[in-house]
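For reference, the chains in residue letters:
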Amino acid sequence: MGRLAILAWAFLGLLLLRADAEPARRVALVIGNGTYAEAGTLANPVNDALDIADKLRSIGFEVIEGNDLGKRELERSIGEFSDALEGAGVGLFYYAGHGLQVDGRNYIVPVDARLDMPVKLQLEAVPIDEVLDIMEQQTKVSLVFLDACRNNPFARGLSRTATTRSATALAGLAQFDSTRGSFIAFSTAPGAVAMDGTGRNSPFAAALLRHIAEPGQSINDMMIAVRRDVVSQTREGQRPWEQGSLLERFEFVPGTGPAKAPEPAVAPALSTQVAALERSVGDDKASIEKFLRDDYLEPDAKDMRAAVNRLYGASATIFGTPYDIETLVKVKSDWFAQWASWSLGLEPGSLEVTPHGEGSAQAVFAMSYDYVPKNKSARVAGKARVTLELIKTDKGWRIVSETSQAM
């Protein structure tokens, strides 16, 4: 009897050891919306979603997927995802298709959406942060990949019909206010527009498929490789971006040895550019801060043409809309002409500079603002989080992409 008891305890110990050794379940929701009732058809979101779903299954994810979903089907899939996350260690949400930001909040656009008026937004679209909340409440690690910044026909219609009391729609997606144990990857910078691609996949999805299964590679290193490929493929036209609050290293495919060097980018001719993308701007943070204080926050409203030439490249994307110099001079002149006085300031310690290569960087900072209108109406004051994509020219730093979000 004593021998049987010993064998029973030994068997139980093996079961416990096996349970401890089993990796936490990983569950993904993958959605691709491309065939829109009122916004035409995007060629690649469904292809992207199908390929990403297959790739995730191949590396151990349980995948819930849906394509060309209307509002009701989309909500049903999110509910199924929520149920599946119970007991999971990792949750992942991938979305390809139309997405938009309104007043700093990001939305998924179902294929049956009719967004001709801002009042319909809550009825017709799905807030992405609600999906993120579901994940963060049930899993230790929440991963979000949004290839949803394609040029959006809904944004223009919503902005055109908005009143001063209505939501204002902007191109691209906005940063999320806060995350808890999450990693959020955008196919392009906040407020910018991404490309759908001319092949089977978008540039972002193609790069993600290429690098996600690399053994021993952290998610941060993976995104460097993805960003490098997308920058090369789009010739600097698109730059993936991420924000996160993970508390530990995450690998899609764990590896015991050192991570293998990433494959070269899709355009071998740009290898020198690819190498440059891994160099740090280093001491250039000081020159960027000087550029912000002396030029960006102190533009000469009396000579806006000179100010714009000092601030921007030959063209720049502002909240997802591309402008040439002439148009930008007019836009900025019209903006400052309405104020009797104004002041802009860099909040101490808020500047964060992320190098994207030699002579290329992203600057994110908190800016205080105070505008006094000429028409004697109430002054406009507060703080905004500003994100600038910068390049370094022979005349100094210049802005190629600009977006901001009220704090």
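Here is what the cut-offs are and how they apply
- Residues numbered from 1 in each chain as written.
- Predicted model: local features only at pLDDT ≥ 70, side-chain atom pairs only at ≥ 80, totals over all residues.
- Heavy atoms only, no water.
- Helix = DSSP H or I, 4+ residues; strand = E, 2+ residues; numbered from the N terminus.
- Buried < 20%, exposed > 50% of the residue type's maximum accessible area, 1.4 Å probe, protein only.
- Contact = heavy atoms within 4.5 Å.
- Axes fitted to C-alpha atoms, helices over the stretch in contact; angles between N-to-C directions.
- Parallel < 35°, antiparallel > 145°, perpendicular 65-115°, else oblique.
- Nonpolar A, V, L, I, M, F, W, Y, C, P; charged D, E, K, R; others polar.
- Salt bridge = Lys/Arg side-chain N within 4 Å of Asp/Glu carboxyl O.
- Core = buried A, V, L, I, M, F, W, Y, C linked by side-chain atoms within 4.5 Å.
- Pairing = 2+ DSSP bridges.
- Left-handed = near helix turned anticlockwise from the far one by under 90°.

**Q** For this particular structure, what's the right way to read the overall build of the protein chain?
**A** For the protein chain, the count of helices and strands is 12 helices and 19 strands. Looking at the protein chain as a whole, 51% of its 407 residues qualify as buried. Summarising the internal contacts of the protein chain: among those between residues at least 6 apart in sequence, 70% fall at separations of at least 24.

**Q** What is the right way to look at the packing of helix H3 (residues 71-84) against helix H5 (residues 128-138) in this model?
**A** In helix packing, the relevant descriptors are the interaxial angle and the interaxial distance, both defined with respect to the helix axes. Remark: H3 packs on H5, axes separated minimally by 10 Å, with the N-to-C direction vectors making an angle of 10°. Taken as axis vectors, H3 and H5 run roughly parallel relative to one another. Counting all contacts with H3, which are made through Ile78, Phe81 and Ser82, the residues of H5 involved are Val131, Ile134, Met135 and Gln138. Along the lines of polarity and charge, the residues of the contact of H3 with H5 split into five nonpolar, two polar and no charged.

**Q** Please clarify how the pattern of salt bridges should be interpreted in this entry.
**A** One side chain can pair with another of opposite charge once the charged atoms of both are near each other. Summed over the entire model, instances satisfying the criterion amount to 21 salt bridges. Note that glutamate 251 and arginine 249 form a salt bridge whose closest N and O atoms lie 2.7 Å from each other. Taking relative accessible area as the criterion, glutamate 251 reaches 18% and is therefore assigned buried. By relative accessible area, which is 52% here, arginine 249 ends up exposed. Salt bridges sharing partners connect three or more residues here, namely Asp54, Arg57 and Glu65.

**Q** Explain the nonpolar core to me, please; I cannot follow it from the model alone.
**A** Side chains that are nonpolar tend, in soluble globular proteins, to be buried together. Residues Phe81, Phe93, Tyr95 and Leu146 are the most contacted members of the largest nonpolar core, which totals 36 residues. Listed by contribution, the elements that provide at least two residues to this core are strand S1 (26-32), H3, strand S5 (90-96), strand S6 (99-102), strand S7 (105-108), H5, strand S9 (141-147) and strand S11 (182-186). Counting residues in hydrophobic clusters, the runner-up holds 33 residues, among them Leu292, Leu311, Ile318 and Leu346.

**Q** What's the story with the pairing of S5 in this structure? I'm lost.
**A** Along S5, seven of the seven residues are buried, which leaves the element largely enclosed by surrounding structure. Going residue by residue along S5, you find Val90, Leu92, Tyr94 and Ala96 tucked away on one face and Gly91, Phe93 and Tyr95 tucked away on the opposite face as well. Across seven bridges, S1 lies against S5 in parallel orientation. Residue pairing across strands places glycine 32 opposite alanine 96, the latter belonging to S5. As paired strands, S5 and S9 are joined by seven bridges and run parallel to one another. Bridge pairing in S9 links tyrosine 94 to phenylalanine 145.

**Q** What exactly am I supposed to notice about helix H7 (residues 203-211) here?
**A** Because the α-helix completes a turn every 3.6 residues, residues three or four places apart line up on one side. Judged by how many residues are buried, H7 sits mostly within the fold: eight of nine residues are covered. Listed in full, the buried residues belonging to H7 are Pro203, Phe204, Ala205, Ala206, Ala207, Leu208, Leu209 and His211. Where H7 is buried, its residues meet helix H2 (45-58), S5, S9, S11 and helix H8 (219-233).

**Q** What is the right way to look at the sheet that holds strand S12 (residues 241-244) in this model?
**A** Hydrogen bonding along the main chain pairs the strands of a sheet, whether they run parallel or antiparallel. Ordered by their spatial adjacency, six strands build an open sheet running S4-S1-S5-S9-S11-S12, and the pairing between neighbours is mixed. Each end of this open sheet is capped by a strand with a single partner; those strands are strand S4 (62-67) and S12. Adjacent strand axes in the sheet meet at a mean angle of 10° when their direction is disregarded. This element, H5, spans S5, S9 and S11 of the sheet and lies at about 160° to S9.

**Q** Would you mind going over the environment of leucine 74 with me for this structure?
**A** Of note, leucine 74 is situated in helix H3. Each C-alpha atom of the pair leucine 74 and valine 111 lies 9.5 Å from the other, and the pair is 37 residues apart in sequence. The residues contacting leucine 74, other than those within four sequence positions of it, are Ile31, Leu69, Ile108, Pro110 and Val126.

**Q** Whenever I open this one, the packing of helix H11 (residues 304-311) against helix H12 (residues 325-337) confuses me. Can you help?
**A** Where H11 meets H12, the closest approach of the two axes is 9 Å, and the angle between their N-to-C directions is 120°. Comparing their axes, H12 and H11 come out oblique. The two elements H11 and H12 cross, and the hand of that crossing is right-handed. Between H11 and H12, the residues in contact are Met304, Arg305, Val308 and Asn309 and Ile325, Glu326, Leu328, Val329, Lys332, Ser333 and Phe336, respectively. A breakdown of the residues in the contact of H11 with H12 according to their chemical character gives six nonpolar, two polar and three charged.

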